[in-house]
Amino acid sequence: MSLYSFAYGLALWICEVIAWVFNTIGATGIGGWLVTPGVVEFLQIIIVALIVFIVGFLVSITFIWEERKVLGRLMDRRGTQVGFLGLFQNFADGLKAFIKEIIIPKDVDKWVYDAAPVILIGISCFMIGLIPWGPDFYLANLTNGVLLVFAAFSIAPFAILIGGWASNNKYTVMGGMRAAGQLISYEVPLLLSVASVVVLSGSLNFLVIVQQQQDSVWYIFPLIIGFIVFIVALIAEIERIPFDLPEAEAELVEGWMTEYGGMRFGLVMLAEYVRAYVACSIAVLLFLGGWSGPSFIWPEVWFLLKVFLLFAFFIWVRGALLRVTTKQILGIGWKRLMPLALVNLGIAIALRMTGVF
Amino acid sequence: MAEMWLNMGPQHPFTHGLWNLRVKLDGETIVDADPIVGYLHRGWEKLAENRMYPQIIPMADRLCYGASMSWEHLYCNTIENMMELEVPDRAKYIRTIVLEAQRIGSHLMWLAALGTDLGSYTIFLYSVRERELFLDLMQNLCGARMTYNYCRIGGVRNDVPANFERDFDRVLTHFLNRMNDLESLMDRSSVFRLRMEDTGVISGEQARNLGVTGPNLRGSGVEYDVRKDDPYEVYGDLDFRTCFEKEGDSFARYRVRMDEMRESCNIIRQAIKRMPKGPYRLKPPRNAPKGKTGWAHVEDPRGEGFMYVIGNGDDHPYRLKVRSPIFVTVSAAPVMLIGYKIADVPAIMGSVDMCLGETDR
Amino acid sequence: MDLRLAPHAVAMSAREFVAWSSDMMEQLMQASGGKKAVDKITAPIWSWALRNANYPLHFGIACCALEMAAASGSRFDAERLGMIFRSSPRQTDVLLVNGWVTAKLRPDLRRLYEQMAEPRWVVAMGECAISGGPWYDSYNTVQGVDTFIPVDIYIPGCPPRPEAMIDGFMKLHKKINKEMKGTFLEG
Amino acid sequence: MGKLAQREGLGPGGKTGEVIAQTLVEKFPQDVKITKATQNRVFATVNKPAWLNVAAFMKDALDFDHVTAVSGVDWLEEKKMWVVYHITSYANRVTAELIVELPRDQLEIDSISNLWGGANWHERETYDMYGIVFLGHPRMERILTPDGTDYFPYRKDFVGGRRV
């Protein structure tokens, strides 16, 4: 009972109902055309996309709730209490941002100023579609899924750069520059550690990678160094506390988001958490064996469990550490992560050559 | 490369209080700094001239609201010095205990501000949580959380409440365990050391010349503490160590304040044991002779607080001068800032523990 | 296409068309009473959202700022009410004035108020913000914030306790609930 | 008073208040008048013309290294103003209070901010409040009052804001 078959059944049923209506009023031509496989296929893909998209957003929103609550607990205080257990806080934020007045500062580069949040939220939503949750719960089973996700993943700092540049404010320009600097120093170790996973699994398709991990061992054990490099680079990629220079609250007011208010800020905030969701799910898929786990629970639930636990680790890192400066970020990126990533790649190739995998 | 002036302006997350650090940047390195103060100037000394002596005590609370007890006490010391009053012993001991409790509370507020500056919201909340305990102690004693109005000219307002020693002992033991948590969160975290070590270096010689005092001076290797070298109240009879470091960077100033918190606990414990019975207040005269002057300086948690008063013949002071330690430390800020990155500014100015209420008076 | 076939056609640029169609839409909703119905239905939702997610500005002036910090501490957790301290005026709804306003600060505070997006409120915390407080006879203090900014909530106290500040925000919630300021189609 | 132990970062300095007062009077017999001198306090008045030399002498010979405060006092009836300097010597643990009198119509005095950087902002504040000009000060401007104030608030003849 995969998502596609369920969607096909639903699409077929809808087409038949509409076809029945047309037939009764005599327009049998349209009724007949509606039931053809082409239309049903089209409706099926739309339904699958809708389901995956909505579910992806719901998980991202519960990330915001999880962050508030776990961070609150770390700091010996209760998190937000809006609604039942604080679950409605996200909807309150979203609706409030929706209502706010749209302010465009006077001499700001209008077109680019609007484009930055759009690019950011567009790229993040695009990535939601690429994440498979289970063997039969996915939108796209691409042969080079990993490549596409990381291509989309590294466009966001570009959007932050132009957003910072366009809002005509000294702080935001600095925030944008830092995003560019941070991207350069963290993209290479990230991709190197992903390369080591691809070397071991032999394919770029998420489903195949997870299948390989189910057969043999999870890739976190042979490539433990790779996992550490991947997690650190990921924290830098989604700009969370130890590396959140572009949005450094203390010295750059709000970093590159200073001039964004109302719904633009709401979109950017949502994009940040959607990217966190995608980042955690990629880490789970590549290293923690995706949805493999004892079978008394559905595979999708296993996947979600691991994703939420990994994000709880990110929150714990945010609670414990302080922010580093740009000089140190680049230092860590080039001097620490790069050699580790190369060593890990060497290990992966060695394992592959000796036929262990 | 073209340099640009950047306003880390009155409304900025890192400015605790209101001041505008105009910084000239070459890329991200600071080439020149020009602090602008005066956003909180209310003409305190002019207002003091048309108020009676006891009426100025609540005004002195609101000079530096992070450590209001030490400013109240400084004002009362100045007037006692002018009127040549001898404060009863029990009042001296109570004052010393309350001053040291306020010093810990003020250092914890500084730690909270430093936490948000460096990006860790946890340090802010842990130190504010510990500070609440000391605020409760002060509330039992003086009735208010922050602006106490507790010292009087010639003593203190009321005697200590019931089980005063028990509460203090419980809070101090609890606080000392918590200090290990705080230090593990910061001293042993390499990210903290990475940010704080050798940023904002100021040498002992420069610090002395530029008038920097208090923990900022002791962080640069000058062992000068007004409590030790010009003792007032009962500091002469208690034995405690003047904590100082040699490097003179932000981490040294941080270390000095953390050791000072432990020393304060030690002082409070000694003072509580030796507190005598007896009167806690004497009736001061209402007027002071015209032209009579008096001054006093104390070890405020931020530096050397100093007040100079001239009598006016009736119950108003003719002139009341206040020296604020942060007013002078801010004038030395460019020396600490030039040459560092803009990302280091919160770490440097956070380690200096700004309080703008006293700077602008 | 030969324009002569449609003599009454009006040449419009894209931007004019957008403006024309939104006006037409506006008048249609106005005339048909649809706007009033939608407003009446959605207003409680918007005001619920505004109440439970009003972000104060991370801006401390004087002693009341320390009480504001204590209010966001662990004991009087302000985040229970959905209050997160944002440091940019663009993203905040409530300007919390917590301290005496001097002549030097007044133009900057006015500009801060104007930078905030529209459904915004001002809370004057402490005697100094309400009426100049203990500095009533100072030559440099503005006697009360409401002389140059419209103030919604006054929190008395010098400094008011953190519970008083949170109670002030609860009063603000009541005011937002009564005002139903957020109407969807009006914007 | 505690033993004068040698402390970190400070000179030996064994001179007490009386010794310092004595050396000051010998060096500037007609300019410096000592009103009182105790173990760690010295109270004196200095004539205006010799003020800079006295300050330089105190900084170099008597190792006074910290300006605690520079305060102006306005004696409206007697038509004069005081500038009261409090200078501390860490090594000797002595604080000297030096009063310099200025006629009210000619408010100028030599600036000591080149000797001690700490006095820089104190002098600017005293100018801002009393209008006393410090000659040779690197940046003689107002510091606390908002731009465009033309009055000197702390003078006795300024009655601003009295609404009581």
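Presented here is a report on the structure given in the accompanying data block.

The rules behind each value
Residues numbered from 1 in each chain as written. Chains lettered and ligands numbered in written order. Predicted model: local features only at pLDDT ≥ 70, side-chain atom pairs only at ≥ 80, totals over all residues. Heavy atoms only, no water. Helix = DSSP H or I, 4+ residues; strand = E, 2+ residues; numbered from the N terminus. Contact = heavy atoms within 4.5 Å. Disulfide = S-S within 2.5 Å. Buried area = accessible area lost by both parts, 1.4 Å probe. Salt bridge = Lys/Arg side-chain N within 4 Å of Asp/Glu carboxyl O. Polar contact = N/O pair within 3.5 Å; in protein donor to acceptor, adjacent residues only side chain to side chain. Nonpolar A, V, L, I, M, F, W, Y, C, P; charged D, E, K, R; others polar. 1 Å grid on protein atoms, 1.4 Å probe; cavity = no way out; pocket = protein on both sides within 12 Å on 5 of 7 lines; lining within 4 Å. Points joined across faces, edges and corners; volume = space filled by probe spheres on them. Pairing = 2+ DSSP bridges. Axes fitted to C-alpha atoms, helices over the stretch in contact; angles between N-to-C directions.

## Section: unusual backbone geometry
The omega torsion across Cys158(C) and Pro159(C) is -10°, close enough to zero to call that bond cis. With respect to the helices, strands and loops of the structure, Pro159(C) is situated in the loop between strand 3 (153–155) and helix 6 (162–179). The backbone of Leu85(A) shows a phi angle near 55°, a positive value even though the residue is not glycine. By the element assignment, Leu85(A) lies in the loop between helix 3 (37–74) and helix 4 (89–99).

## Points about the environment of Met261(B)
Residues and elements named next belong to chain B. Along the polypeptide, Met261 turns up in helix 11 (residues 250–273). Separated by 28 residues in sequence, Met261 and Glu233 place their C-alpha atoms 19 Å apart. Those residues in contact with Met261, other than ones at most four positions away along the chain, are Ile104, His107, Leu108, Leu111, Phe175 and Met179.

## A word on the state of the cysteines
Residues and elements named next belong to chain B. All chains considered together, the criterion is met by one disulfide over all chains. Two residues, Cys64 and Cys355, share a disulfide whose sulfurs are 2.4 Å apart. Every disulfide takes its handedness from the sign of the S-S torsion; for Cys64 and Cys355 that torsion is 130°, giving right-handed. One end of the pair, Cys64, is in the loop between helix 2 (56–61) and helix 3 (68–83); the other, Cys355, is in the loop between helix 14 (345–352) and helix 15 (356–360), with 291 residues separating them in the sequence.

## Brief notes about the interface of chain A and chain B
Across the contact, 23 residues belong to chain A and 33 residues belong to chain B. Taken over both partners, the interface formed by chain A and chain B buries close to 2400 Å², and the fraction arising from carbon and sulfur atoms is 64%. Counting across the chain A and chain B interface gives two salt bridges. One salt bridge connects Asp76(A) with Arg129(B), and the closest N-O pair in it is separated by 2.8 Å. Where chain A touches chain B, the interface holds nine residue pairs in polar contact (both at pLDDT 80 or more). Mapped by element, the contributors of at least two residues to the side of chain A that touches chain B are helix 8 (170–201), helix 12 (299–320) and helix 13 (326–353) of chain A. Residues that form the side of chain A that touches chain B fall into these classes: eleven nonpolar, four polar and eight charged.

## A closer look at the layout of surface pockets
Within this model, the second largest pocket holds a volume of roughly 1100 Å³. Of all the secondary structure elements, the ones that give two or more residues to the lining of the second largest pocket are helix 8 of chain A, strand 1 (4–8) and strand 2 (20–26) of chain B together with helix 4 (106–115) of chain C. Among the elements that take part in the lining of the second largest pocket, helix 4 of chain C stands out by supplying six residues, more than any other. For the lining of the second largest pocket, the residue count by class is 17 nonpolar, twelve polar and nine charged.

## Re the sheet that holds strand 2 of chain B
Two modes of strand pairing occur in sheets, parallel and antiparallel, and in both the strands are linked by backbone hydrogen bonds. Residues and elements named next belong to chain B. Spatially, 1-2-3 is the arrangement adopted by the three strands of the open sheet, whose pairing is antiparallel. Every other strand in the sheet has two partners, leaving strand 1 and strand 3 (29–36) as the edge strands with one partner each. Ignoring which end each strand starts from, the neighbouring axes of this sheet average 25° apart. Pairing of strand 2 with strand 3 involves seven bridges; the strand directions are antiparallel. If you follow Asp26 over to strand 3, its bridge partner there is Thr29.

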